[in-house]
Structure formats: C-alpha cells, structure tokens
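Topology and contacts: notes
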Amino acid sequence: MEQPAPRLVRVLVPLPLAGPYTYAAPDELGLAAGDYVTVPLGPRHVRGVVWPGEVDGAIDLKKIKPVLERLDAPRLSVEVMNFVDWVSAYTLFPQGAVLRMVMRSGAQLDPPRPQTGYLAAAAIPAGVRMTPQREKVLEAVRGLNFPATPAEIARRAGVSDGVVRALADAGALEKIESDPDAPFDPPNLGRRGKTLSPEQADAAATIRRHIERREYACTLIDGVTGSGKTEVYLEAAAAALKQDPGAQVLVMLPEIALTLPFLKRLEERFAAAPAPWHSDLGQAGRRRTWRRVADGSARLVVGARSALFLPFSNLKLIIVDEEHDPAYKQQDGVLYQARDMAILRAAHGGFPIVLASATPSLETAVNAQGGRYETVQLPSRFGGATMPDIRLIDMRETPPAKQEWLSPVLIGAVNETLARGEQAMLFLNRRGYAPLTICRKCGERMTAPDSDTWLVEHRFSNRLVCHHTGYSIPRPDTCPHCGAHDSLAPCGPGVERIAEEAARLWPDREIAIFSSDTVINPAAGQELLGRMREGMIDILVATQVAAKGHHFPNLTLVGVVDADLGLVGGDLRAGERTWQLLSQVIGRAGREEKPGRALLQSYQPDHPVIAGLASGDRDAFMEAERDGREMLGFPPFGRLAALILSGENEGHVNSAARMLAAQVPHGQGIEVWGPAPAPLYRLRGSYRIRFLIKAARDVSIQNFLRAWLTDVKIHSSVRRTVDIDPYSF
Ligand code: ADP
C-alpha cells in the first residue's frame, strides 16, 4: 500500500542561501509557521524557522528530508517573518541573511544553563588591598545589571581574568547563580514622569493621539539639543505601554549614545531597568534580552540598530532617537538603514513611530514638509537655558604658527573659561596623533599594505593604524621605503596632537582625551564621563564620541578646531553631515544656567555650511541642500543604489565590470554611472569597482537591479554587493 504523502513545510535557515527549503513535517512535532527547528542541510544539522507560504508544488518527494526536532522557544511572530521578507526584498540580500540578524548565533535556542556570574559585593571586606587594576574591575561591575563571567568582567575592565578572580576570592565580588532567562521587572506605569512644559505636553499629546488610533503614523520631534525631546518620547512610550497590557516599545539610539546614564534615566522613569541590546552586552545578557523579547515579557527595549531585528511578539511603538545619525546605516553584512527599516516595520505593523532629532536628515525633513510625517517642534531649551552663542574664527586672518592649531582667539576664550572655573571642550573629529605620516627624505606616504588607506599615527600606543581595516604596526624608526633614519614626519593634527598643544599652553590644567582609543571599554568611558561631570577635567579634547547625549553642566565653551574637516571629499552628504555633527557638538555647551558659547575655526567661513552654522539659519541651509538634491534627482527626490564589485584578482574584477557595463538593461527613469574605482579602490587586498544607479522616485530600483544581475554571469571570484541607499554618494 502506498504511504500517505507527508505534510511539507518550508524552512528558512539563517544562511545566505536563495530562500526557504522544503522539508517533511513529522506529525508528532505539530509544526506551525514561526517554529524554530533543526533540519539536515547537506551533511550538517542547522537551525532554522518554519516559514509561511506555499511549498513548491514541483518537488521530488523522494529527496525530501524530515525536520529533525522542534526547539523550545516562543514562535517567531508573523510580523517579524514578514519583516524579514520585506527587508530582503528591499536590500536584495537573501532572506536567510536577514533571518540571521534575528536568530544571531542561535545560542539563545540552547536549553538554559544556570549562569554563574559576579556582581559587585555590597561592601568591600576590610583589608582588601586596592590597586588601579582592581579599581577598574569594581568600576566595571558597578555598571552591570546582570551577573557576568570573570572573562566578561575582565574584558569590560580591560584587565586580565586573574585580577577579577583574585578580587572575587577576596570577597569584593559577589558570586551569583542566576536564571539565565530571568525576567525583566515590568515598567511601573503608575509612576509619573516630569511635569511637561506646555510645548512638551502638546508634542506628547500629538503622539498619544496616534497611539490611541492604533495606526501607523510617523511623527518627527524636531527640537534643539536640550529641549526635552527625551522626556516627550518617554511619555509616548508610557502611553503605548499603558494602552495594551502586552505592548512592547523599542527605543533605538545610535550605539554611541547608549550609555549607562541614558539607561539609568529610563530606569528611573519606569522604576525598572529596560531590556538592553547593544554590542557590549555579553553572551548571557544577549540571550536574556532575546528570550524575554521573544516571549513578550520584556516590555521596554532600548537598543542600537540591530535591536530592530529582535523577535518581538507584540511591538506597538518604535522611537528612533537621533534619527539623522549615520550610525543607523549598517555598513557590513546586510546593508540596511535602520531608521528606514524601522519606518517600514511600523508601516506594515500598523503602529506609530517617532523620530527625534535636533538636526533632522534631509530625507526626514522633506517627508515632514510633504506631510508624510507629522512634525512637533521644541524650539527652545528646557528650563530657559539658552542656546550657545556661535562665532566663527577666520583662520586666514590669524593663522596659528606652524605645528600649532589653536588660534589666539580660541586660546583667549579657553583662558576666560578656565578663569571662571568652567570647562572647555576642544573638538576635532580625528582620532590619533596625525592622519598622515610622510618620509621627509623620499616623500613616501605610509599606507596600509594591500589598501589605499593612510596609516594614522597614534602616540599613546606608538603605532601606525589603519582606521578602515584595523591593521597596525609599531611606528618604525626608519622609512620602510628609503631606509632613512628619523625621517618620518607626522602631518596634520589628530586629537592626541591637539591635547599635546593644550598641555603646552595650559601645563597646570587637567586635560583628557575622549575618543574611541582612550575609551576602549564602558568602564573607561564611565570613569572619564564621571571625572568630567565632577569637574576634575578642565579641558576635554574630543572626537565625535563626545558629540551625543552627554550632559556636562559646567561645560561652557566648545572650540571646533577644524570646522571644515568634514567638507572635503566629493560626498554629496558631506555638508549635511558636517552640519549635524557640529550642531550636536555645539549643543554640548551651556546646557544649564551658565550660558555657553562655541567658536568655530575655519579657513572657508563663507562656505554655506559654516556660514549657516554661525548664523544659526537652519532653514536656509536645509532649503539650499534640498534644492541641490532635487536638481540632481538624488534622495529623497530619487532613488540611489551602489553596486560594488570586488575581488583579489584585478583582471577578473575589471572584466566583470566591463561585462556588466555592456549589458545594462534599458530602464525608464534609470541612469547607471560607472564603472569607476570605488572610493577605496584597494582594501584588504581586494580591488573594488563601483557602479551608481539612480532611479526616479516611482521606479523600482530593486527590479532593475534584479533583472540586470540575474542576466549577467560574472567570474565566481568576484563578489557583487548591492547597497541600496548608500551612505555616501
Ligand atoms: P533632548 O533630548 O532634547 O536633548 P532632554 O530630554 O535630555 O533633551 O532634556 C534636557 C534636560 O532638561 C535634561 O536634563 C532633562 O532632565 C531636563 N528636562 C527636560 N524636560 C523636563 C521637564 N519637563 N521637567 C524637568 N526637567 C526636564
């Protein structure tokens, strides 16, 4: 007698494969779409998800293998599975590659193992000898809201495991056996937030109306730095959480702004710590958040861009803070813009989304003007704090001496600030000591091997570092090219060099550098921020890590060492980015009752960005940017994609480019530019060639690319990467 045909299901695995595969579903597993399962794939067993949709009818039943097991985890919701499909269709990355962002390593699907970890002990036992290394450990564990392993604590503190173990043995750390999936405390919704100003209350009411309607709507909170945007969106979060006892709310921040003070602020507001999601969360913390988001018990989630791919069971509101921030663009793996994908998620999920910024992106501003988003405005700082007074320093008039970068006017302003007992920040968005090292004998520029990138000198570590690939070498004494001794000279300043100049000028003052090189872990960051807030630092020399979110009550002067820095290069977004970054930096000054001021050193004070910053006329600047983009048909007035071909064999890459160029399909409203060398032509031994594709707004750039790329077969050693809405153009 013939066997009854098995029930078939589609299973998507988190690998960059074409799509879901078909498997037989043993009845006893009772499988439904969204279940996590293990399936055989070639010789391996892999974890995947039972995917919605019809199985392919033309399947050869003899080749079908059965699903092996169902894993113990809450079912992935239909909304999240649909989201994976949309993101894949939009970015042109395979569905499996997108699912990988949801499933991560898959370790959270393992059975729970009781977690042994450490937290700070209530008190340090008498007689425990403290050392600077041990202090670092204590600082690191104080920032923990979940027991961590000695290895994790050591990494956070930047010390060896041994230091942590010794402290634990001495009783200064408390050993805790915990449930790895311990629930998060529910937010206390009876608790009231700060009393809102009339402007804030209006803004909050607008968003609340959208929440009550339970529909998609995008609201932009457009408010200057310090205007109280955060308080407004926390009210919105409270409203969404209150409306529906199972609702989940996601607050997204650029990674850099996800600091402990911010998490504490949320914890205070809701008398419960939010579920965090960021790169510094250890394996255990990540598992806990993932599981609790999946079962719906984590109601308030705060995370960086990848939090958008957490397996929410009942997401009802997304807030994207600092929506203009370039960090929302994922630059490797699946290339996506998290703000844009968040809007997509909300639109398809039928719930509201809130964007907040002091300097909205042009895309957002145009959408707001066109009525697609509603705008609420907070034009002044909360509590009557004034906006900083902004002045330009024309460096052509008073150029500093050679090998110096601070003008007399800026030096004078720092002197006045310090004399009043206030703090100053010198801002330069460049890590290290000098961006370029050159041989005075032969003219050789030090570059990374196999790359077209300059090596940046770092004095603290005494190394030359490539900021693109992380490659580094000890700083050589002789030129590797001509062999000359002591001929290598640093060109131009980075923050370390500005700090050196500041130390010469103010030898008795406390000067600190705030960059990703000095703040190598959260503990170091907390320590530095703490010293700054307590006034133990007089002058902070900082890169963009200091631009966001930080609140230093006694910081009243911001000196921008090189306001023109971001304007060089051919990127059309350069003006907008410079505007946003410098506005943020300027916004650090005078956030409380003491008025702040900002001085911008520039060699091109008439440049529209610099002049606009000085006059504070944001609308005029945005109008000009908008006109330029509209004239060229660039986003948001048109669509843009980049196609990068890369490979180690230059000949293969070039011939692939020629083949693609010869077979560009005809497309109404589409222009293809290139092939041309990509901005970094050689990177990590690969040669890179780029096409730019521009389409009218109502044309599907994805359909065009799909047709083009399926038709043309190129050499298998050449990688094709599509980047929809590229970061720079
Ligand atoms: P933004 O997010 O716009 O930069 P914040 O929400 O951080 O602004 O507010 C700036 C400062 O003003 C913070 O210290 C915040 O606590 C305070 N603040 C804002 N709104 C209120 C309010 N309604 N009552 C009391 N303090 C407020």
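Residues numbered from 1 in each chain as written. Predicted model: local features only at pLDDT ≥ 70, side-chain atom pairs only at ≥ 80, totals over all residues.

Scanning the protein from N- to C-terminus turns up 19 helices and 29 strands. Relative to a compact globule of 729 residues, whose C-alpha radius of gyration would be 27 Å, the protein shows 27 Å and is just as compact. Buried residues in the protein amount to 45% of all 729 residues. In the protein, 74% of the contacts between residues at least 6 apart in sequence involve partners at least 24 apart. (Helix = DSSP H or I, 4+ residues; strand = E, 2+ residues; numbered from the N terminus. Rg over C-alpha atoms; globule rule 2.2 N^0.38 Å. Buried ≥ 20, exposed ≤ 12 C-beta atoms within 10 Å, placed from the backbone. Contact = placed C-beta atoms within 7 Å.)

Another aspect to go through is the nonpolar core. Within the largest apolar cluster, 115 residues are counted, with the highest numbers of intra-cluster contacts made by Val-11, Ala-236, Ala-237, Met-252, Val-301, Ile-319 and Ala-342. Among the elements that make up this core, the one with the highest residue count is helix 7 (residues 229–243) (nine residues). If we ignore the near neighbours within four places in the chain, the residues touching Met-252 are Gly-303, Arg-305, Ala-307, Leu-308, Ile-318, Ile-319, Val-320, Asp-321, Ala-338 and Ala-342. (Core = buried A, V, L, I, M, F, W, Y, C linked by C-beta atoms within 7 Å.)

To continue, consider the site of the ligand. Around the ligand, the surrounding shell holds 15 residues, and the nearest of these are Lys-194, Gly-228, Lys-229, Thr-230 and Phe-382. Sorting elements by how many residues they give to the shell around the ligand places helix 7 first, with three residues. Here the residues of the shell around the ligand are counted per class, giving two nonpolar, ten polar and three charged. (Near = placed C-beta within 6 Å. Nonpolar A, V, L, I, M, F, W, Y, C, P; charged D, E, K, R; others polar.)

Pairing is antiparallel across the open sheet formed by three strands, whose spatial order is 18-19-20. For this open sheet the edge positions go to strand 18 (456–458) and strand 20 (472–474), each flanked by a neighbour on one side alone. Each strand axis lies, on average, 25° off the axis of its neighbour in the sheet, ignoring direction. (Pairing = 2+ DSSP bridges. Axes fitted to C-alpha atoms, helices over the stretch in contact; angles between N-to-C directions.)

Cis peptide bonds are those with omega within 30 degrees of zero, and the linkage from Pro-635 to Pro-636 qualifies with 5°. Cis geometry marks the peptide bond from Gly-674 to Pro-675; its omega dihedral reads 5°. For Pro-675, the position within the fold is in strand 27 (residues 670–683). Here Arg-214, not a glycine, exhibits a phi torsion of approximately 50°, which is positive. Following the sequence through the fold, Arg-214 ends up in the loop between helix 6 (198–213) and strand 8 (218–223). Of note, Asp-486 is a non-glycine position whose phi angle comes to about 50°, a positive value.

Moving on, we come to the UniProt feature "binding site: Zn(2+) 2" (unreviewed entry) in the protein. The residues that UniProt annotates with the feature "binding site: Zn(2+) 2" (unreviewed entry) are Cys-466. The topology assignment puts Cys-466 in the loop between strand 19 (463–465) and strand 20. Note on Cys-466: 20 C-beta atoms within 10 Å, which makes it buried. If sequence neighbours within four positions are ignored, Cys-466 has contacts with Ala-448, Ser-451, Thr-453, Leu-455, Tyr-471 and Ser-472. (UniProt positions renumbered as here; feature names shortened; annotations may be inferred.)

We now examine the pairing of strand 16 (residues 423–427). Taken across its five residues, strand 16 has five buried, putting it largely inside the fold. Residues Gln-423, Met-425 and Phe-427 point to one face of strand 16 and Ala-424 and Leu-426 to the other, with burial holding for every one of them. Where strand 16 meets strand 24 (residues 555–560), five bridges bridge the pair, whose relative direction is parallel. Residue pairing for strand 24: Leu-426 is matched across the bridge by Gly-559.

The next point concerns the UniProt feature "binding site: Zn(2+) 1" (unreviewed entry) in the protein. In this structure's numbering, the residues bearing the UniProt feature "binding site: Zn(2+) 1" (unreviewed entry) are Cys-439, Cys-442, Cys-479 and Cys-482. In terms of the greatest pairwise C-alpha distance, the residues named above, spread along 44 residues, form a tight cluster of at most 8.6 Å across. With respect to the helices, strands and loops of the structure, Cys-439 is situated in strand 17 (residues 436–439). Among the structural elements, Cys-482 can be located in the loop between strand 20 and strand 21 (488–491). Overall, the presence of 12 C-beta atoms within 10 Å leaves Cys-482 in the exposed class. Excluding its chain neighbours within four sequence positions, the residues that come into contact with Cys-482 are Cys-439, Lys-441, Cys-442 and Glu-444.

Turning our eyes to something else, we now look at the pairing of strand 21. What you see with strand 21 is a clean split: Leu-488 and Pro-490 sit on the buried side and Ala-489 and Cys-491 on the side with no burial. Where strand 17 lies against strand 21, four bridges are found, and the strand directions are antiparallel. Directly across from Leu-436, in strand 21, lies its bridge partner Cys-491.

Strand order in the open sheet made by the six strands is 15-25-24-16-23-22, with parallel pairing throughout. Both outer strands of the open sheet, strand 15 (389–394) and strand 22 (511–514), are each paired with one neighbouring strand and no more. In this sheet, neighbouring strand axes are inclined to one another by 20° on average, regardless of whether the strands run parallel or antiparallel. Two strands pair when backbone bridges link them, and strand 15 and strand 25 (residues 597–602) are joined in this way by six bridges, in the parallel orientation.

Direction vectors running N to C along helix 4 (residues 150–157) and helix 5 (residues 161–169) enclose 115°, while the axes themselves pass 8 Å from each other. The chirality of how helix 4 crosses helix 5 is right-handed. Where helix 4 approaches helix 5, its residues Pro-150, Ala-151, Ile-153 and Ala-154 are matched on the opposing element by Asp-161, Val-163, Val-164, Arg-165 and Ala-168. Grouping the amino acids of the contact of helix 4 with helix 5 by side-chain chemistry returns seven nonpolar, no polar and two charged. (Left-handed = near helix turned anticlockwise from the far one by under 90°.)

Turning our eyes to something else, we now look at the environment of Gly-685. For Gly-685, the location among the structural elements is in the loop between strand 27 and strand 28 (686–696). With 12 C-beta atoms counted inside 10 Å, the residue Gly-685 sits in the exposed group. When residues no more than four places from it in sequence are discounted, the contact partners of Gly-685 are Asp-450 and Glu-648.

End to end, helix 6 covers 23 Å across 16 residues, agreeing with the expected 22 Å (1.5 Å per residue, within 8%). Inspection of helix 6 places Gln-200, Ala-203, Ala-204, Ile-207, His-210 and Ile-211 among the buried residues, and these make up the whole buried set. Each buried residue of helix 6 sits inside an arc of 115° when the element is viewed along its axis, so together they form one side. Across helix 6 from its buried face, at more than 90 degrees, point the exposed residues Pro-198, Glu-212 and Arg-213. For helix 6, the secondary structure elements touched by its buried residues are strand 8, helix 7, strand 12 (315–321), strand 13 (353–357) and strand 14 (374–378). (Expected span 1.5 Å × (residues − 1). Arc of directions from axis to C-beta.)

This part covers the environment of Trp-277. The residue Trp-277 is located in strand 10 (residues 275–277) in this model. The buried category is assigned to Trp-277, around which 25 C-beta atoms lie within 10 Å. Here the alpha-carbon distance between Trp-277 and Glu-255, two residues 22 residues apart in the chain, equals 9.6 Å. Beyond its immediate sequence surroundings of up to four residues, Trp-277 is in contact with Thr-289, Val-301, Gly-303, Ala-304, Ala-307 and Leu-310.

So, about helix 13 (residues 495–505). Each α-helix winds once per 3.6 residues, and so residues spaced three or four apart point in a common direction. Within helix 13 the residues assigned to the buried category are Val-495, Glu-496, Arg-497, Ile-498, Ala-499, Glu-501 and Ala-502. The elements touched by buried residues of helix 13 are strand 16, strand 18, strand 22 and strand 23 (539–542).

The next thing to look at is the environment of Ala-170. Considering the arrangement of structural elements, one finds Ala-170 in the loop between helix 5 and strand 7 (173–178). The exposure class assigned to Ala-170 is partly exposed, which follows from the 15 C-beta atoms found within 10 Å. Considering only alpha carbons, one finds Ala-170 and Gly-127, 43 residues apart in sequence, at a separation of 9.1 Å. For Ala-170, the residues in contact, after removing those within four places along its chain, are Pro-125 and Val-128.

To continue, consider the confidence of the model for the protein. Mean pLDDT over the protein: 90, with 98% of residues reaching 70 or higher. Within the protein, the element-level pLDDT minimum falls on strand 6 (residues 115–120), averaging 81, and the maximum on strand 9 (residues 248–252), averaging 98. (pLDDT = per-residue confidence, 0-100.)

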